[in-house]
Amino acid sequence: MCVERQSDRIDRAARRLTAWLAGTLLFTSPLLAQATPEIQTWNTDNGTRVLFVAAPEIPMVDVRLVFAAGSARDGERSGLASMTAAMLSEGAGDWDADAIADRLDGVGAVLSTDVDRDMATVALRTLTRQPAFDTAVDTFATLIARPTFAPGELERVRQNRLVALRQEDESPRSVGQKALYRAVFGSHPYASDPSGTPESIADLKRAELADFHARHYVGSNAVLAIVGALDRAGAEALARRLVSGLPSGEPAAPLPPVPELADAILKSIDFPSSQTTVLAGQPGMRRGDPDYFALHVGNHILGGSGLVSILMDEIREKRGLSYSTYSYFLPLAQPGPFLMSLQTRNDQAEQARAVMLDTLKRFIDQGPTEEELTAARKNITGGFPLKIASNSNIVQYLAVIGFYDLPLDYLDRFRERIESVTAEQIRDAFARRVHPERLAIVTVGASSTQVEAGSATEQVSLARGTH
Amino acid sequence: MPRRSIVPRLLLPVLLLPSLATLAATEVHERQLDNGLKILVKPDHRAPILTSQVWYRIGSSYEYGGITGVSHVLEHMMFQGTERLAPGEFSRIVAENGGEENAFTGRDYTAYYQNLANDRLEVSFELEAERMRHLKLSEKEFLKELEVVKEERRMRTDDDPQSLTYERFSAAAYDASPYRNPVIGWPGDLEQLGLDDVRDWYRLWYAPNNAILVVAGDVDPEQVFTLAEKHFGPLAAETIRPPKTRAEPEQLGEKRLRVQAPAKESYVLMGYKTPSLADADEPWEPYALEMLSSILDGGDSARLSRELVRGARIAASAGAGYRAFERLPGLFLFEGVPAKGQTAETLETALREQITRVQSEPVDPAELERVRNQVIAAKVFERDSLFYQAMQIGLLETIGLDWRLADTYVDRLAEVTPEQIQAVARKYLTPERLTVAILDPQPLESKTQAAANTQLGASTHVR
């Protein structure tokens, strides 16, 4: 019987486990010697920065082309960046949407586009053998340089986007996330969701998409990441073929700074759900931030390490209040959000919100313990090989390093930077950068009337500070 | 965090389903311990990492009425302490060793994994061996974890109208098969689940002779076997009685249901009863069904995208899916969201016209060629994911199929002819095998109903 062992075995087993644990503690940083990928970099004639890692083992190549053409560039036309990217595969050069789909599927290539607040990404994975390689590369090059924005296709994509936006309205988490960004970023362009609003999407003009493309999809506004079974010469030739159709153009202007919140904000949104989603946030940090590693490691301890984080321990492991709870900093070109989240049964929403906020306050006041810091360091540095193991991992790192102009030795130095973070640095950084008295808090659920007596849908309970 | 793997998500590329491929093949090394534990090792030396996975032959399709969801609750309890480890200590040890970990419960399996640097394999084995036979199962942790699972159900199912529609659709499509039950369990069953139920379930199914250990990565197979013997070897085998699975009777005519839930857009789900690999009349039939699903929904060039989304503009999105590798007979599924100005009914009609077409005319050889090229490319691409390669092996083995089937998958698909695709469409996509569910959106603005539900009890679903 498996759970009724004799006591002598238990004792023996316990000793063995203790000895084994002691043994593992001796391996403080066994992996520092492990090589990180060797990054090669150069510029194309039309000004695109290329980052390349040779990965000869698998006969395939991953390409990730990123433009400073995210939704922060939408201006008054929310969803413009996202719709522009979505239209690339709907017609380009002499091909219509069917022809483009045939060309890519016919050789097993996979192409995708994505738009976040900072960047538009066009990604391609293809075999290096022919005719797959040439077909995929020529298709990609034409899509990014010569999209047609065919009016009939635009209308269809627009209507389907409107359906998708309505489906996002069905999800309390999606509704909450959008409301939180609006509260945290106010009039800053990061406030609006990349997918756009129904009003704006309904009104977008073809010429606006074409203009957005002409302005932003240019060589000097792009970074190209390549990982695959190519040598340097092959990668240089590939880079030329992919982006040579783009004019040099101009890099996008820097985004405006993100103002801090002047006051707390509380939004309660009525929603016919069985759970209440509770979100809290404020402007966090940017890529390359001087406090990056202190905040990263600190957040790892607070709510970034899954089952072993403090938030998970307080909210799930001790109280069973939520299946999922976490916090994160999303570093962007300008400070992206610091965000905390949970979902709980409606009648527990107030309790869960209090535990979440108390946990944050306590962490800011006290900082991490040495034990927590040691555990976090070991997790992050020990797990680093997992983060750079696949071509898919590496190409994403390359795009981020290139786009945010991080040092090329970012991956090489990552573990030593993590190791050097102290508990005092974390406490200090959180005290300076996170302000629990000035959080934006959003609740979405059927308990919102309890949280905010008499609140109407999307009532802003406390005035937002001016920026 | 522990999570269940949800329903067959139709929009997942069908082509990424199990296979290893002659092209991709590196050797898999196999060993069985005296206590019955089967060990499969796939070396891959691209990076100094590994994935270690323990797959148990137990999942929601082994459950009976009244205790549905017990496999998944037990999966949660596997993190809540053993005789030697305090609740949560398992996860803390994995984390301190730089590991990523999680677990997932499906209809046919429950699986646990750690992704680690390749010098940490013993961490995984020591911990997994401990919880395979020495779980503690305390009342306090159980009551708390049950609340976590109820929250998980609310998040995944109750507050997601499409997920809720799928749950009720499955319950209607199957008259008797346990595939009619949600993996996470029915709310009423979760309310009455007791620690004794979980303890019984653990004793019945968690033993080395009901498990498969899969390791992929930068490892030496002989060292893996030695370490496995050291840690799992002392565990006692258990008498595993084969489950008495309630067989699905023949369906006697088309079934329809409407699911009313707060939503803004309608949604159509259609499912036809189909065989899986184990029970097909002819061994080629499941492969022909897989090819059919790729003809319909294998990328933007496939028929549903080309004709329903782009051509006729009836669907905002549309998909089809089928799984050859399941323990019990399943469904060939269609799903879609109507485009603006269209209704669920017009979309259903359009989907049926697509079915009629594959029944009445053989598919174009060019379409078959396209799918073959996609399958070949996908085999190469999947070598970039260690986890996925190990998962394929575990998945096949837990449903009683040989992992070598994956090696022949590409060839079997490539052999499928247009006539065979037409034949399976005619044989299986027939009205008497069909169930149709339509999501009937209810206003999101009114909260009265949901608020009332909350007062009544924790886990009522949103109407």
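Residues numbered from 1 in each chain as written. Chains lettered and ligands numbered in written order. Predicted model: local features only at pLDDT ≥ 70, side-chain atom pairs only at ≥ 80, totals over all residues.

Some remarks on the packing of helix α9 (residues 285-297) of chain B against helix α15 (residues 418-428) of chain B
Residue and element names in this part refer to chain B. Under the convention used in this document: In this analysis an axis means a line fitted to C-alpha atoms, helices contributing only their contacting stretch, and an angle means the value between N-to-C directions, from 0 to 180 degrees. Strands are runs of DSSP state E lasting at least two residues, helices are runs of H or I lasting at least four, and both sets are numbered from the N terminus onward. For classification purposes, angles smaller than 35 degrees are called roughly parallel, those larger than 145 roughly antiparallel, those between 65 and 115 roughly perpendicular, and all remaining angles oblique. Whether two residues are in contact is decided by their C-beta atoms, placed from the backbone, lying within 7 Å. Just so you know the grouping, Ala, Val, Leu, Ile, Met, Phe, Trp, Tyr, Cys and Pro go in nonpolar, Asp, Glu, Lys and Arg go in charged, and all remaining residues, Gly too, go in polar.
One can describe the packing of α9 onto α15 by two numbers: an axis separation of 9 Å at closest approach and a directional angle of 95 degrees. Classified by the angle between their axes, α9 and α15 sit roughly perpendicular to one another. Contacts from Glu285, Ala288, Leu289, Met291, Leu292 and Ile295 of α9 reach α15 at Gln420, Ile421, Val424 and Ala425. Residues that form the contact of α9 with α15 fall into these classes: eight nonpolar, one polar and one charged.

Description of the sheet that holds strand β8 (residues 255-262) of chain B
All names here are of chain B. Operational definition: At least two bridges found by DSSP between two strands is the condition for calling them paired.
Taken together, five strands build an open sheet; the order of strands is β8-β12-β9-β11-β10 and the sheet is mixed. At either end of the open sheet lies a strand with only one pairing partner, and these are β8 and β10 (315-321). Taking each pair of neighbouring strands and ignoring which way they run, the sheet shows an average axis angle of 15 degrees. Strand direction decides the pairing type here: strand β9 (residues 267-274) and strand β12 (residues 434-442), joined by six bridges, are antiparallel.

Description of the confidence of the model for chain A
It should be kept in mind that the predicted coordinates are not to be read in detail where pLDDT is low. Residue and element names in this part refer to chain A. As a reminder of what qualifies: As a per-residue measure, pLDDT reflects the predictor's confidence and takes values from 0 up to 100.
Of the residues in chain A, 88% have a pLDDT of 70 or more, and the chain-wide mean is 90. Residue range residues 1-33 is modelled with pLDDT below 50. Its contacts to residues more than four positions away, or to other chains, number 26 contacts. This stretch, residues 448-467, has a pLDDT under 50; its non-local contacts, to residues over four places away or in other chains, come to 41 contacts.

Observations concerning the packing of helix α13 (residues 370-382) of chain A against helix α2 (residues 89-96) of chain B
With their axes 7 Å apart at the nearest point, α13(A) and α2(B) run at an angle of 60 degrees to one another. With respect to their mutual orientation, α13(A) and α2(B) come out oblique. Contact residues: α13(A) offers A:Ala375, A:Lys378 and A:Asn379, while α2(B) offers B:Arg92, B:Ala95 and B:Glu96. Class assignment of the residues belonging to the contact of α13(A) with α2(B) gives a composition of two nonpolar, one polar and three charged.

Topic: the domain arrangement of chain B
Note on interface size: it is often stated as the accessible area lost on association of the parts. Residue and element names in this part refer to chain B. Going by this rule: Segmentation of the chain into domains, including their bounds, is taken from an automatic or database domain assignment.
For chain B, the assigned domains read domain 1 (3-232) and domain 2 (255-442). With 45 residues of domain 1 in contact, the opposing surface of domain 2 contributes 55 residues. Sorting the residues of the side of domain 1 that touches domain 2 by element identifies β3 (38-43), β4 (49-56), β6 (110-117), α5 (161-173) and β7 (211-217) as the ones contributing at least two each. Top contributing element to the side of domain 1 that touches domain 2 by residue count: α5, with nine residues. When grouped by side-chain class, the residues that make up the side of domain 1 that touches domain 2 number 29 nonpolar, ten polar and six charged.

Thoughts on the domain arrangement of chain A
Residue and element names in this part refer to chain A. Looking at the assigned domains, one finds that chain A contains domain 1 (40-243) and domain 2 (265-386 + 405-460). Centre-to-centre, using C-alpha coordinates, domain 1 lies 30 Å away from domain 2. Each partner contributes residues to the interface: domain 1 has 14 residues there, and domain 2 has 21 residues. Here the side of domain 1 that touches domain 2 gets ten residues from one element, more than from any other, and that element is helix α6 (residues 172-185). A class-by-class count of the residues in the side of domain 1 that touches domain 2 yields eight nonpolar, three polar and three charged.

Some details on the UniProt feature "domain: Peptidase M16 N-terminal" (unreviewed entry) in chain A
Cut-off, in case you're wondering: UniProt positions are given in the numbering used here, feature names are shortened, and annotations may be inferred rather than shown by experiment.
Using the residue numbers shown here, the UniProt feature "domain: Peptidase M16 N-terminal" (unreviewed entry) corresponds to residues 49-192 of chain A. Counting secondary structure, residues 49-192 of chain A comes out at 44% helix and 22% strand; the distance between its end C-alpha atoms is 29 Å.

Brief notes about helix α16 (residues 410-419) of chain A
Residues and elements named next belong to chain A. Our working rule: Here the C-beta atoms are placed from the backbone, and a residue counts as buried if at least 20 other C-beta atoms lie within 10 Å of its own, exposed if 12 or fewer do, and partly exposed otherwise. Our arc is simply the arc of the directions from the helix axis toward the C-beta atoms.
All of the buried residues along α16 are Leu411, Arg415 and Ile418. In an axial view of α16, the angular spread of the buried residues amounts to 75 degrees, which keeps them on one side of the axis. Of the residues in α16, the exposed ones pointing more than 90 degrees away from the buried face are Arg413 and Glu416. On its buried face, α16 sits against α10 (292-304), α13, α14 (384-387) and α15 (391-403).

A word on unusual backbone geometry
Each neighbour pair has its own omega, and for A:Gln130 with A:Pro131 the value is 5 degrees, a cis peptide bond. Phi is positive for B:Leu137, close to 60 degrees, though the residue is something other than glycine. Within the fold, B:Leu137 resides in the loop between α3 (121-133) and α4 (139-158). Even without being glycine, B:Arg313 reaches a positive phi, approximately 55 degrees. Tracing the sequence through the fold places B:Arg313 in the loop between α10 (303-311) and β10. B:Arg313 gets classed as partly exposed once you count the C-beta atoms within 10 Å, which come to 18.

Focus: the interface of chain A and chain B
Tallying the contact residues gives 72 residues for chain A and 76 residues for chain B. A total of seven residues in the side of chain A that touches chain B trace back to one element, the largest contributor, which is helix α5 (residues 151-168) of chain A. Grouping the amino acids of the side of chain A that touches chain B by side-chain chemistry returns 30 nonpolar, 26 polar and 16 charged.

Re the UniProt feature "domain: Peptidase M16 C-terminal" (unreviewed entry) in chain A
Per the UniProt record, the feature "domain: Peptidase M16 C-terminal" (unreviewed entry) sits at residues 204-379 of chain A. In residues 204-379 of chain A, the share of helix is 41% and the share of strand is 20%. The end C-alpha atoms are 47 Å apart.

Comments concerning the UniProt feature "domain: Peptidase M16 C-terminal" (unreviewed entry) in chain B
UniProt's feature table lists "domain: Peptidase M16 C-terminal" (unreviewed entry) at residues 195-374 of chain B, given in the numbering used throughout. Strand forms 22% of residues 195-374 of chain B and helix 40%; the C-alpha atoms that close the span are 48 Å apart.

Description of the nonpolar core
To keep things clear, this is the line we draw: Joined through C-beta atoms within 7 Å, a set of buried Ala, Val, Leu, Ile, Met, Phe, Trp, Tyr and Cys residues constitutes a nonpolar core.
Judged by nonpolar contacts, the single largest core of 283 residues is most densely connected at A:Ile226 and A:Leu398. Excluding residues that lie within four positions of it along the chain, A:Ile226 makes contacts with A:Val50, A:Phe52, A:Val61, A:Val63, A:Ala235, A:Leu238 and A:Ala239.

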